[in-house]
Amino acid sequence: MSTDEPAGRGPAAPADGTVLSCAGVRKRFGSTEVLAGFDLAVAEHEVVVLIGASGSGKSTLLRCVNLLEEVDDGTIHLDGEHITDPRINPDRVRQRIGLVFQSYNLFPHLSVLDNVTLAPRRVHRIVRAAAEERAMTWLSRVGLADKAKEYPDRLSGGQQQRVAIVRALVNSPRLLLLDEVTSALDPELVGEVLTMVRDLKSDGMTMLLATHEMGFAKQVADRVCFLSEGRILEQGTPAEVLGDPQQPRTRQFLQRIIESGRL
Amino acid sequence: MTGTAAAPAPSEVQRGRLAYRRRQTVKSVLVAAGSTVALGLILTVAITGAPGFDRVRESFFDPKVAAETLPDILVGLWLNIRLLVCCTIGALILGLLIAVLRTLRGPVFFPFRALAIGYTYSFRGAPLIIVLYVLTLGVPGLRLAGTPSVVVLGGIALVITYGAYMAEVFRAGIESVHPSQRAAARSLGLSYRQSMRFVVLPQAVRRVTPPLLNDVVSMQKDVGLISLAGPIDAIRAAQIGVAEHYNFTPYIVAGALFVLMAIPLIAVTDWVTLRSARRQSADGAA
Ligand SMILES: Nc1ncnc2c1ncn2[C@@H]1O[C@H](COP(=O)(O)OP(=O)(O)O)[C@@H](O)[C@H]1O
Ligand SMILES: [Mg+2]
């Protein structure tokens with residue numbers, strides 16, 4: 001697989017190659033502070049994996065980066081552009097970021113091909129034939145060309161999730177956000193999705209992903225970040241964080257994962 | 001997938017099962033036929049044997065009167081049909097517009113939202129007959145230049161009354177689409193309007209087609225109320241026939257025509273409802 005160049009949208013990446021940077025991001029829901037001054041920078045071609053207990057704010061962070069949630073404080077920059085500036089058009093920002101959800105969220109009334117070509121046609125104004133050709137190229141790469149005319153409910157969970165990833169990829173995003181993309185899948189279907197993510201890594205796609213699959217985190221992560229109390233408590237290479245955690249809470253979390261048989 | 005290979009011959013047990021089921025089918029057809037004939041006989045005897053049956057037959061089922069009034073009633077019915085088609089389209093468009101207005105967020109849209117809410121609250125509560133009288137009798141009373149005809153005013157009354165019901169149906173449909181669908185659309189860079197148009201509304205409309213068709217069926221009957229304001233539709237034509245012949249047969253003729261007109265609509269409604277119920281149970285199973 002090879003990643004297409006982004007279509008020249010947005011300002012050029014800053015010289016240091018930082019694609020995403022979050023500084024002091026805060027987000028609260030009611031009385032719970034989910035993100036409490038969160039800092040993170042993701043370099044170009046880097047794969048950063050977020051781990052942490054359920055409810056530690058991984059999804060919230062990804063939704064804030066994609067501007068689906070408004071931050072309460074702090075700033076987020078994409079390719080050096082301040083995207084949490086209220087004057088910015090969020091639609092233009094989202095066109096440069098792909099987001100894949102735990103529950104796929106394919107559009108049930110559209111065929112696989114129409115799901116994949118909706119944004120290219122309606123947002124990027126690419127004519128149907130060109131959009132479909134591009135979509136078919138991607139679908140063939142992930143072995144789903146024969147499902148192009150099917151509706152999502154006829155596909156297995158793993159196939160649906162791969163379509164969801166393709167749907168995000170045809171927009172040539174600068175950054176791909178993956179939120180526990182295997183959590184809703186039967187164990188035997190997890191592999192096909194993880195293989196696809198690994199292929200994307202070797203293409204050089206910049207990714208920020210949340211996962212409960214520690215084995216997978218080990219394979220793809222350049223950096224693993226453990227979230228606790230709305231911040232990164234510990235981060236480093238997979239070997240450091242997963243193999244030799246320094247913080248008691250990280251150890252506790254990994255222990256529980258080991259006990260539940262997911263490491 | 002199945003059936004591509006030649007199926008193996010059924011086993012002894014399966015052949016027995018099939019034969020049993022065939023016998024059961026024959027039996028139930030016979031029972032159904034028998035009970036239908038019996039009930040028909042009882043009803044016929046009870047009705048034709050009633051002491052006033054001959055008088056009723058003369059004043060409600062006189063073929064001569066039916067034949068004489070049918071042409072006028074049909075002319076009237078043509079007006080009902082045209083009204084139904086126009087009012088259905090009008091009410092659907094108005095309902096959809098109001099439903100979408102109610103979903104808009106942001107201070108700019110506050111007056112639109114308030115208007116939409118006020119409209120649905122008032123017109124779901126107001127009896128159609130009152131709205132009809134106010135529009136067809138009240139508005140011409142203003143003697144404004146360019147006041148539309150009574151038929152158009154009556155049509156407007158139907159559209160705004162049914163538009164309020166349909167707006168609520170559409171709104172329920174829009175709200176039934178899971179927020180994650182909108183999030184998925186927005187995450188792809190679609191604007192609010194594009195998400196609504198390409199993702200939310202198509203799903204919402206599919207879900208509410210059965211209740212909407214029910215509203216159309218009920219509007220089909222209410223179109224006849226326009227006769228109260230004077231235009232000669234099927235019911236008004238029947239009324240004139242009744243007065244001319246001192247006989248109620250024209251009402252029966254008009255009633256039968258309304259039922260005939262409704263049958264295809266009701267059949268379509270039932271079919272669509274069944275299909276969408278099947279689809280939803282398939283969704284649930286997936
Ligand atoms: N829209 C929301 N409204 C209220 N609370 C929310 C909302 N979204 C998330 N939360 C809360 O924020 C916390 C973090 O959730 P989330 O980001 O989904 O965690 P994770 O993805 O790490 O499991 C949880 O306590 C959750 O209940
Ligand atoms: Mg989550």
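Only a predicted model underlies this, so the values are computations on that prediction, with no experimental measurement involved. (Residues numbered from 1 in each chain as written. Chains lettered and ligands numbered in written order. Predicted model: local features only at pLDDT ≥ 70, side-chain atom pairs only at ≥ 80, totals over all residues. Heavy atoms only, no water.)

Draft legend 1. Up close: the overall build of chain B. In terms of regular secondary structure, chain B is built from 10 helices and zero strands. Its helices and strands taken in sequence order, chain B reads α-α-α-α-α-α-α-α-α-α from the N to the C terminus. The C-alpha atoms of chain B give 27 Å as radius of gyration, which overshoots the globular expectation for 286 residues (19 Å, by more than 25%). Judged by the C-alpha coordinates and their principal axes, chain B covers about 75 × 70 × 30 Å. (Helix = DSSP H or I, 4+ residues; strand = E, 2+ residues; numbered from the N terminus. Rg over C-alpha atoms; globule rule 2.2 N^0.38 Å.)

Draft legend 2. Focus on the sheet that holds strand β1 (residues 18-29) of chain A. Residue and element names in this part refer to chain A. Pairing within the open sheet is antiparallel, and its four strands lie in the order β2-β1-β4-β5. Each edge of the open sheet is held by one strand with a lone partner, namely β2 (32-43) and β5 (81-82). Examined bridge by bridge, β1 and strand β4 (residues 73-78) share five bridges and lie antiparallel to one another. Of the residues in β4, the one forming a bridge with Leu20 is Leu78. (Pairing = 2+ DSSP bridges.)

Draft legend 3. Main features of the pattern of salt bridges. Enumeration over the complete set of coordinates arrives at 22 salt bridges over all chains. Taking the shortest distance from any N to any O, the salt bridge between Arg96 of chain A and Glu81 of chain A comes out at 2.8 Å. Of the two residues, Arg96 of chain A is situated in the loop between α2 (90-94) and β6 (97-100) and Glu81 of chain A in strand β5; the sequence distance between them amounts to 15 residues. In this structure, a network of salt bridges that share partners links the residues Arg102, Arg124, Glu168, Arg171 and Glu175 of chain B. (Salt bridge = Lys/Arg side-chain N within 4 Å of Asp/Glu carboxyl O.)

Draft legend 4. A look at the interface of chain B and chain A. Listed per partner, the contact involves 18 residues of chain B and 23 residues of chain A. With both chains or domains summed, chain B and chain A bury close to 1700 Å², and 60% of this area falls on carbon and sulfur atoms. Three residues stand out in chain B for area buried against chain A, namely Ser187, Leu188 and Phe198 of chain B, and they jointly supply 34% of the buried area on that side. Counting across the interface, chain B meets chain A through one salt bridge. If you look at where chain B meets chain A, you find six residue pairs in polar contact (both at pLDDT 80 or more). Broken down by secondary-structure element, the contributors of at least two residues to the side of chain B that touches chain A are α7 (179-187) and α8 (192-222) of chain B. (Contact = heavy atoms within 4.5 Å. Buried area = accessible area lost by both parts, 1.4 Å probe. Polar contact = N/O pair within 3.5 Å; in protein donor to acceptor, adjacent residues only side chain to side chain.)

Draft legend 5. Up close: the pairing of β6 of chain A. Residue and element names in this part refer to chain A. The side-chain alternation of β6 yields two buried faces, one formed by Ile97 and Leu99 and the other by Gly98 and Val100. The sheet contact formed by β6 and strand β7 (residues 175-179) spans four bridges and is parallel. Across the sheet, residue Val100 finds its bridge partner in β7, namely Leu178. (Buried < 20%, exposed > 50% of the residue type's maximum accessible area, 1.4 Å probe, protein only.)

Draft legend 6. A look at the site of ligand 1. Residue and element names in this part refer to chain A. Near ligand 1, the surroundings consist of Phe29, Val34, Ala53, Ser54, Gly55, Ser56, Gly57, Lys58, Ser59 and Thr60. In this structure, an oxygen atom belonging to ligand 1 sits 3.3 Å away from a main-chain N or O atom of Ser56. Between Gly57 and ligand 1, the recorded distance is 3.1 Å, taken from a backbone N or O atom to an oxygen atom. Taken together, the residues of the shell around ligand 1 break down into three nonpolar, six polar and one charged. (Near = heavy atom within 4 Å. Nonpolar A, V, L, I, M, F, W, Y, C, P; charged D, E, K, R; others polar.)

Draft legend 7. Just the UniProt feature "domain: ABC transporter" (unreviewed entry) in chain A, in detail. The UniProt entry lists residues 20-254 of chain A under the feature "domain: ABC transporter" (unreviewed entry), expressed in the numbering used here. End C-alpha to end C-alpha, residues 20-254 of chain A measures 27 Å, and it is 37% helix and 26% strand. (UniProt positions renumbered as here; feature names shortened; annotations may be inferred.)

Draft legend 8. Expanded view of the UniProt feature "domain: ABC transmembrane type-1" (unreviewed entry) in chain B. As annotated in UniProt, the feature "domain: ABC transmembrane type-1" (unreviewed entry) corresponds to residues 77-269 of chain B in the numbering used here. Note that residues 77-269 of chain B is 81% helix and 0% strand, and that its end C-alpha atoms are spaced 22 Å apart.

Draft legend 9. Molecular detail of the UniProt feature "transmembrane region" (unreviewed entry) in chain B. Residue and element names in this part refer to chain B. Mapped onto the present numbering, the UniProt feature "transmembrane region" (unreviewed entry) falls on residues 29-53, 73-101, 121-139, 145-165 and 248-272. Structurally, residues 121-139 comprises 89% helix and 0% strand, and the distance from its first C-alpha atom to its last is 22 Å. Here residues 145-165 is 76% helix and 0% strand, with 31 Å between the C-alpha atoms at its ends.

Draft legend 10. A look at the environment of Asp85 of chain A. All names here are of chain A. Note that Asp85 resides in the loop between β5 and α2. Along the primary structure Asp85 and Leu139 are separated by 54 residues, whereas in three dimensions their C-alpha atoms are 36 Å apart. Separated by 2.8 Å, the side chain of Asp85 and the backbone nitrogen of Arg87 make a polar contact.

Draft legend 11. How the structure looks around the sheet that holds strand β10 (residues 231-236) of chain A. Residues and elements named next belong to chain A. Pairing in this open sheet of six strands is mixed, and the strands run β6-β7-β8-β3-β9-β10 from one edge to the other. Across the chains shown, the open sheet's two edge strands, defined by having one partner strand only, are β6 and β10. Each neighbouring strand pair of the sheet contributes to a mean axis angle of 20°, computed without reference to strand direction. Strand contacts of helix α6 (residues 187-203): β3 (47-51), β7 and β8 (207-210), with the helix running at about 155° to β8, the strand carrying the most contacts. Packing of helix α9 (residues 248-259) onto the sheet brings it into contact with β3, β9 (223-228) and β10, and relative to β9 it is tilted by some 100°. (Axes fitted to C-alpha atoms, helices over the stretch in contact; angles between N-to-C directions.)

Draft legend 12. Structural view of unusual backbone geometry. Residue and element names in this part refer to chain A. For Leu67, which is not a glycine, the phi torsion comes out positive at approximately 60°. Inspection of the secondary structure puts Leu67 in the loop between α1 (58-65) and β4. Among the residues examined, Leu67 registers a relative accessible area of 14% and is labelled buried. Despite not being glycine, Glu180 shows a phi value in the positive range, around 45°.

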